[in-house]
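# A look at the structure
Given next are the chains, with one letter for each unit.
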Amino acid sequence: MNISGTAAITGMAELKPEIDAGGRSSLGLLSEVAGRAIKDAGLKKSDIDGLLLTPPAEDSCFMWPAQVAEYLKMSPSYLNMVELGGASACAAVTRAALAVTAGLCRHCLCLSGGIWDSQVFNSREGKMAVMSRAEINYELPYGPMGFNSGYALIANRHMYEYGTTPEQMAKIAVDQRQNALANPDALFNKQAISIDDVLNSPLIVDPIHLLEIVRPCSGAAAVIISRSEEAIDMPNVPVYLLGMGEACTHNSIIYSDNITLSPVKFSAARAFAMAGLKPADMDLLSLYDCYPITVIITLEDAGFCKKGEGGGFVQSHDLTYRGDLPLNTHGGQLSFGQPSYAGGMSHVSEAVRQLRGEAETRQIENNRLAFVNGNGGVMSTQSSLILGRERNDRR
Amino acid sequence: MTEDNGKKWFKKGRTVLKVQYCPVCEKYIFFPRELCPYCLEVKPEWKETVGRGKIYSYTAVRRSSLPEFEDRVPYTYAMVELHEGIRIPTNIVDCPVNKVRIGMPVELAWIEESKDIIPVFRPATP
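Below is a short write-up of the structure.

Thresholds applied
- Residues numbered from 1 in each chain as written.
- Chains lettered and ligands numbered in written order.
- Predicted model: local features only at pLDDT ≥ 70, side-chain atom pairs only at ≥ 80, totals over all residues.
- Heavy atoms only, no water.
- Contact = heavy atoms within 4.5 Å.
- Salt bridge = Lys/Arg side-chain N within 4 Å of Asp/Glu carboxyl O.
- Helix = DSSP H or I, 4+ residues; strand = E, 2+ residues; numbered from the N terminus.
- Nonpolar A, V, L, I, M, F, W, Y, C, P; charged D, E, K, R; others polar.
- Buried < 20%, exposed > 50% of the residue type's maximum accessible area, 1.4 Å probe, protein only.
- Disulfide = S-S within 2.5 Å.
- Core = buried A, V, L, I, M, F, W, Y, C linked by side-chain atoms within 4.5 Å.
- Phe/Tyr/Trp six-rings, centres within 6.5 Å; stacked < 30°, edge-to-face > 60°.
- Lys NZ or Arg CZ within 6 Å of the ring centre and 35° of its normal.

Where the parts come together, the accessible area they lose is often given as the size of the interface. Counting residues at the interface gives 31 residues for chain A, matched by 34 residues for chain B. At the boundary of chain A with chain B, the tally comes to one salt bridge. A salt bridge links B:Arg62 to A:Asp206, with the nearest nitrogen and oxygen atoms 2.5 Å apart. Every element with two or more residues in the side of chain A that touches chain B is listed here: α5 (124-129), α6 (133-138), α7 (146-162) and β5 (203-205) of chain A. Residue contributions to the side of chain A that touches chain B peak at six residues, all from α7(A). When its residues are assigned to classes, the side of chain A that touches chain B shows 18 nonpolar, seven polar and six charged.

Okay, the pattern of salt bridges next. All names here are of chain A. Tallying each qualifying case throughout the model produces 20 salt bridges over all chains. One salt bridge connects Arg 356 with Glu 358, and the closest N-O pair in it is separated by 3.2 Å. Judged by its relative accessible area of 38%, Glu 358 is partly exposed. Each member of the salt-bridge network shares a partner with another, and the members are Glu 14, Glu 350, Arg 353 and Arg 362.

This part is about the state of the cysteines. Summed over the entire model, instances satisfying the criterion amount to zero disulfides over all chains. Between A:Cys305, a free cysteine, and A:Cys290, which holds the nearest cysteine sulfur, the sulfur-to-sulfur gap is 17 Å. There is no disulfide at B:Cys22, and the cysteine sulfur nearest it, in B:Cys36, is 3.6 Å away. On the accessibility criterion, B:Cys22 (0% relative accessible area) is buried.

This part takes up the nonpolar core. Judged by nonpolar contacts, the single largest core of 93 residues is most densely connected at A:Leu299 and A:Phe371. Discounting chain neighbours no more than four positions away, the residues touching A:Leu299 are A:Leu285, A:Leu287, A:Phe304, A:Cys305, A:Phe313, A:Val314 and A:Leu327.

This paragraph deals with the packing of aromatic side chains. The tally for this structure, following the rule as stated, stands at nine aromatic pairs over all chains. Seen in terms of ring centroids, A:Tyr255 and B:Phe31 are 5.2 Å apart; in terms of plane orientation they differ by 70°. Their pairing is edge-to-face. Linking A:Tyr255 in the loop between β8 (239-248) and α11 (264-275) with B:Phe31 in the loop between β2 (27-29) and β3 (45-48), this pair reaches from one chain into another. We classify A:Tyr255 as buried; its relative accessible area is 19%. Taken together, A:Tyr138, A:Tyr255, B:Phe30 and B:Phe31 form an aromatic cluster joined through their ring pairs. It is B:Lys47 that lies over the ring of B:Tyr21; its NZ or CZ is 3.9 Å from the centre. It is B:Arg87 that lies over the ring of B:Tyr56; its NZ or CZ is 3.6 Å from the centre.

This is the structure:
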């Protein structure tokens with residue numbers, strides 16, 4: 001059974017990321033964004049019978065779907081929490097598509113986000129909360145810097161194997177900042193940056209500079225998934241789920257057989273096969289970008305360029321919304337901010353805006369098809385999506 | 001499972017580095033597990049390594065928010081591929097961070113860290 005095109009994104013909302021949450025709670029943010037998404041879809045809260053969550057950043061995860069349903073006074077017939085790290089948002093969309101296609105629910109709300117607390121984030125407890133027992137026992141004694149050092153290991157090895165340069169990695173942050181300048185909701189949208197600015201910003205973990213690291217913040221995003229038959233009668237341009245694929249080869253990067261090759265190779269291949277499409281068909285790339293090396297590896301492993309040529313590929317393309325290869329037109333998380341698990345959802349919501357034609361000053365001209373990738377851990381869990389404006393867009 | 005039930009694979013006074021090995025699958029295993037992850041059947045044995053390897057990848061940590069590492073920056077966090085073919089996380093010592101290279105031959109050393117003696121690596125003596 002091929003579920004390509006059986007479900008569509010029919011509602012979407014996203015809060016502007018904030019460094020200071022101003023005393024608000026994760027549940028408060030989720031309730032606000034849920035209300036907006038339901039309104040966007042032209043639905044009533046009572047129409048929502050599916051509820052998928054990504055984990056909260058600070059609250060207890062225990063019974064989280066029920067905690068949220070209770071706070072929102074909802075009684076869903078299908079509910080769950082998806083925990084694949086940064087890939088959770090894309091993975092929630094996939095699970096919602098399966099659920100509405102199978103008839104377990106009619107309109108499934110995927111909710112993501114929460115409050116970021118710098119004190120928790122920087123504490124030993126905060127660090128240990130995102131580590132496996134193996135990481136705590138065998139990595140922590142050596143002083144790794146969480147995700148920063150994991151991606152640094154990948155970047156250094158990629159430079160060694162393929163000759164990727166610091167300038168090529170910096171260019172991703174530079175182009176994405178250009179995109180953020182056209183996004184009023186981006187956290188960093190005031191000032192353009194140059195490659196020199198990036199390379200002159202402090203080295204945190206070699207070869208990663210400060211301007212190449214996402215800024216954690218507070219925020220939330222939501223999408224509603226409905227069956228395609230219903231979507232055509234709903235107010236928005238339906239954004240069909242044409243391809244979905246997942247993969248995981250490791251949790252900690254230490255245990256990846258080849259740290260410069262990610263499971264995107266498998267998740268993207270599965271998504272393209274389901275959709276009957278290929279990388280060259282895509283008009284927009286919306287790729288998880290906790291660091292520039294993440295984007296380079298994703299481009300290579302999803303098949304947009306040959307393995308090892310990702311650095312040269314980004315150098316030879318204009319990644320802005322005006323360019324020949326629009327990539328992370330919202331600014332990417334590097335400039336938009338990383339509102340916890342909603343950072344992963346930001347790649348979905350931007351693709352929805354672009355495909356609907358609602359991206360305002362940063363609207364791309366050709367907007368039929370988008371490739372979205374969610375990435376969790378250190379290139380660990382991958383969830384790839386192909387979104388399209390046409391239900392049967394096979395080329 | 002081990003040797004401190006897998007919680008610490010290193011003990012004070014240790015001079016040899018042991019890792020798990022499945023005699024049936026003929027594979028080394030890291031991190032330690034109760035059962036071999038390849039066959040999910042055999043209890044792994046502990047085998048001595050020669051204590052040599054080469055750097056697979058590394059990074060210089062220049063800012064650390066871990067209190068016990070704050071005054072140690074910059075230091076090298078690395079993946080070392082042991083002679084036996086398995087990779088482990090470690091630090092590279094006795095070598096300035098800007099002299100560390102991928103492929104560099106390294107040998108076992110031991111340092112004290114949070115009341116434990118833990119295995120680290122230094123540039124190999126020829």
